[in-house]
Amino acid sequence: MKIEQATIKDIARELNVSSSTVSRALKDYPGISDETKRKVKELAKKLNYRPNAIALSLRKSRSFTIGVIIPEVVHFFFSTVISGIEEVAYSRGYNVILTQTNEKLDREQSSIDTMLSNQIDGFLVSYSKETKDFNHFSRLLDQGYPIVFFDRVPEIPNAINVMVDDYQGAFDAVSHLITQGYSRIVHLAGPKNLKISQERERGYRDALKNYGIAINEELIVECPIGTSDEGQKITKSLLDNLKQKPDAFFGNNDMAAVGAMLACKAAGLRVPEDVGIVGFSNWQFCSMIEPSLSSVAQPGFNMGAKATEMLLDIIEKKVNPEEVKDALTLETELLVRKSSVRLRG
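K.L.:
Can you help me understand the pairing of strand S5 (residues 160–164) in this one?
P.N.:
If a strand is regular, its side chains alternate between the two faces of the sheet. Counted residue by residue, S5 has five buried out of five residues, so it is predominantly covered. Where burial is concerned, the two faces of S5 agree: the one with Ile160, Val162 and Val164 and the one with Asn161 and Met163 are both buried. Sheet topology note: the S5/strand S11 (residues 328–330) ladder contains three bridges and is parallel. Directly across from valine 162, in S11, lies its bridge partner leucine 328.

Take a look at the structure:
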């Protein structure tokens, strides 16, 4: 049975007052007696009255809804980002529509079309691995749609970005491996078109240079899918075919690092005695496996919260998007666990 939603007119008729009196009482306007406000609010609660969101958006020229586009909901990092987004959005009176692209460009584009048809007020976006051309985002920016990119950020004019310091996170991870006595360090790199992958590889390279270790291009291997199966397969191939065996692995993400650990164990290597391993993102399982996985932690909740604050400030015209010139970069933290500690301090 369909339950009809109560309206302001229903409350007014029940209390024998005008609709405008009910409206003003619900909004605590001056000039309405405390007794009238009390009666209106009590009846509104009893009748389960809720403001009409569509009518409200028409009056205020906003839908009070933002759209969030992410690659994967199951990714632990993105789940923490979503928590930060929802916390801020709901506290400021906004609803959230969430879509995942599953790393597909066509789903990213269809998600945008769907959200535009629902008249959302702005976008929060972390684009797919397939996305190499950003014209669909540039067109929206040119038309004045508020967009804030997070984590995966494009290098396009007028883009407002919130990211973590991927470079420093990678630099710290590889520096840690070197100070533990590892020197032939493999980097299981991410997709080359993603800026986060580029920055993590740059951090890897600079850490080696900083310690006077020559860079061996054979030890930098793209792991584009980023699954444990892919990491395991690549690691097995390296262990089987390289004349000088690697003694450490730095994964672009935790799943690739876990794949490296499984392949090393299968080859009879001990972790961390023979091989050191560090991942990136600090998924929940990192502290649960044996040995526990060292990883670079990213402030996902804070990233989601900051990106949402920026977007809502733009939507509400508290800031001019043209004045937001510099990307907001959040710090990472290296969490050292058993997988990479060979030397005891």
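K.L.:
Can you help me understand the side chain of arginine 184 in this one?
P.N.:
When you line up the elements, arginine 184 lands in the loop between helix H8 (166–179) and strand S6 (185–189). At 5.6 Å, glutamate 218 is the nearest oppositely charged side chain to arginine 184, a buried residue that forms no salt bridge. Not counting residues up to four positions away in its chain, the partners in contact with arginine 184 are Asn216, Leu219, Leu242, Gln244, Lys245, Pro246, Asp247 and Ala248.

K.L.:
What should I look at first to understand helix H3 (residues 34–46) in this one?
P.N.:
Within an α-helix, residues lying three or four positions from one another point in the same direction, as the helix has 3.6 residues per turn. Given a rise of 1.5 Å per residue, 13 residues ought to cover 18 Å, and the 18 Å separating the end C-alpha atoms of H3 matches this to within 8%. Burial in H3 covers these residues: Lys37, Val40, Leu43 and Ala44. Buried residues of H3, viewed axially, fall in a sector of 140°; they line one side. Exposed residues pointing more than 90 degrees away from the buried face of H3 are listed as Asp34, Lys45 and Lys46. Tucked into the core, H3 has its buried residues touching helix H1 (8–15) and helix H2 (19–26). Looking one or two residues beyond H3, the residue adopting positive phi is asparagine 48, at roughly 60°.

K.L.:
In this structure, what is going on with the environment of isoleucine 234? I would like to understand it.
P.N.:
By the secondary structure assignment, isoleucine 234 is in helix H10 (residues 228–241). Taking the C-alpha atoms as reference, isoleucine 234 lies 26 Å from tyrosine 127; in sequence the two are 107 residues apart. If we skip the residues at most four places from it in the chain, isoleucine 234 touches Leu188, Val221, Glu222 and Cys223.

Definitions and cut-offs
Residues numbered from 1 in each chain as written. Predicted model: local features only at pLDDT ≥ 70, side-chain atom pairs only at ≥ 80, totals over all residues. Heavy atoms only, no water. Buried < 20%, exposed > 50% of the residue type's maximum accessible area, 1.4 Å probe, protein only. Helix = DSSP H or I, 4+ residues; strand = E, 2+ residues; numbered from the N terminus. Pairing = 2+ DSSP bridges. Lys, Arg positive; Asp, Glu negative; His and termini not counted. Salt bridge = Lys/Arg side-chain N within 4 Å of Asp/Glu carboxyl O. Contact = heavy atoms within 4.5 Å. Expected span 1.5 Å × (residues − 1). Arc of directions from axis to C-beta.

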